[in-house]
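In case you want the letters, here they are:
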Amino acid sequence: VDYKTGILHADFNKVIYGLDMQLLMYLYLIKNTDIIKNPNFTGMYLEPIMTNVLKYSYGKTYKENLEKEYKWVGYTTDNIKYARMIDNNLMTNSFISGLRVKADETFYSTSKTLSISDLDKLLDITSNNIDDVIKSIKLCDFEINPKRLGKNNVSCSYCPYKDICFMTN
């Protein structure tokens with residue numbers, strides 16, 4: 001779980017370009033440490049903090065609105081057994097946003113879940129991206145190569161050094 005003032009970037013198509021990999025990098029580090037042997041992942045989440053304005057929901061108490069605002073946001077692996085290990089209120093009042101369980105102990109199709117094999121594929125892509133960066137650093141290859149998705153330059157969105165790359169006047 002990562003604490004964030006921002007939002008979840010949930011487009012895994014960007015991972016192939018080395019973007020939106022923060023939560024996957026945490027799992028990569030856990031998977032590749034000698035401290036934890038054969039980890040089983042339940043999910044990856046952001047915990048929203050410091051929200052500017054508490055959203056009002058008609059008929060809900062302040063406490064209910066607050067609990068909704070601070071639910072974890074992310075993806076859960078589609079293994080109900082693992083999900084129960086971190087949240088024993090899955091059926092009634094899960095603290096994971098967008099996660100709903102049917103009476104037959106399966107996830108609703110609208111739940112934000114990933115299969116273990118899909119998560120493994122994402123972790124393989126993340127690993128390859130990390131390896132590519134390591135190789136580039138060792139070769140002193142620091143090519144200015146901002147990433148564009150369509151017409152949007154997504155690499156420079158938050159970079160305070162964009163004037164070095166002639167992205168600003």
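All figures in this text were calculated on a predicted structure; none of them were measured in a lab.

Participant: Quick question: what am I supposed to make of the overall build of the protein chain here?
Facilitator: A count of helical and extended segments in the protein chain gives 4 helices and 6 strands. Each helix (α) and strand (β) of the protein chain, taken in turn from the N terminus, gives the series β-α-β-α-β-α-β-α-β-β. Judged by the C-alpha coordinates and their principal axes, the protein chain covers about 55 × 40 × 30 Å. Out of the 169 residues in the protein chain, the part that is buried amounts to 26%. Of the accessible surface of the protein chain, which amounts to about 12,100 Å², a share of 55% is contributed by carbon and sulfur atoms. Separation of charge centres in the protein chain, based on 21 positive and 20 negative side chains, amounts to 4 Å.

Participant: Help me out: how do you make sense of the pairing of strand β3 (residues 73–77) in this one?
Facilitator: A regular strand places its side chains so that they alternate between the two faces of the sheet. Within β3, 4 of the 5 residues are buried, which leaves the element mostly enclosed by the surrounding structure. Both β3 and strand β4 (residues 113–114) contribute to a ladder of 2 bridges, which runs parallel. Looking at β4, one finds that T77 is bridged to L114. In this fold, the crossover linking β3 to β4 by way of helix α3 (residues 80–86) has right-handed handedness.

Participant: What's the story with helix α1 (residues 22–31) in this structure? I'm lost.
Facilitator: Given 3.6 residues per turn, any residue in an α-helix points the same way as the ones three and four places further on. Buried within α1 we find L23, L24, L27 and Y28. One side of α1 carries all its buried residues, which in axial view fall inside an arc of 145 degrees.

Participant: Just to check I follow, could you spell out the pattern of salt bridges for this structure?
Facilitator: Side chains that differ in sign of charge can pair as their charged atoms come close. One pass over the structure, following the stated rule, counts 2 salt bridges. Salt-bridge contacts for K14 lead to D20; the nearest nitrogen and oxygen are separated by 3.9 Å. Look at K14 and you get partly exposed, because its relative accessible area is 23%. Its relative accessible area of 26% is what places D20 among the partly exposed residues. Its salt-bridge partner being R84, residue E105 comes within 2.7 Å of it at the nearest N-O pair. One end of the pair, E105, is in the loop between α3 and β4; the other, R84, is in helix α3, with 21 residues separating them in the sequence.

Cut-offs applied
Numbering of residues begins from 1 in every chain and follows the order in which that chain's sequence is written. Reporting of local features is limited, given that this is a predicted model, to residues whose pLDDT is at least 70; pairs of side-chain atoms are given and counted only at 80 or more, and all residues count toward the totals for whole chains, interfaces and linings. Side-chain metrics rest on all non-hydrogen atoms present in the structure, leaving aside hydrogens and water. The way it works is that DSSP assigns letters per residue, a run of H or I at least four long becomes a helix, a run of E at least two long becomes a strand, and they are numbered from the N terminus. We call a residue buried when its accessible area falls under 20% of the maximum for its residue type, exposed when it is over 50%, and partly exposed in between, using a 1.4 Å probe and counting protein chains only. With residues, only the protein chains shown are counted as cover, and all accessible areas are computed by Shrake-Rupley using a 1.4 Å probe. His residues and chain termini do not enter the charge count, which takes Lys and Arg as positive and Asp and Glu as negative. Charge coordinates come from a single atom per side chain, which is NZ of Lys, CZ of Arg, CG of Asp or CD of Glu. At least two DSSP bridges between two strands are needed for those strands to be called paired. If the strands point away from the viewer and the path from the first strand over the helix to the second runs clockwise, then the crossover is right-handed. Here, the arc refers to the directions that run from the helix axis to the C-beta atoms. Take a side-chain nitrogen of Lys or Arg and a carboxyl oxygen of Asp or Glu: if they are within 4 Å of each other, that pair is a salt bridge.

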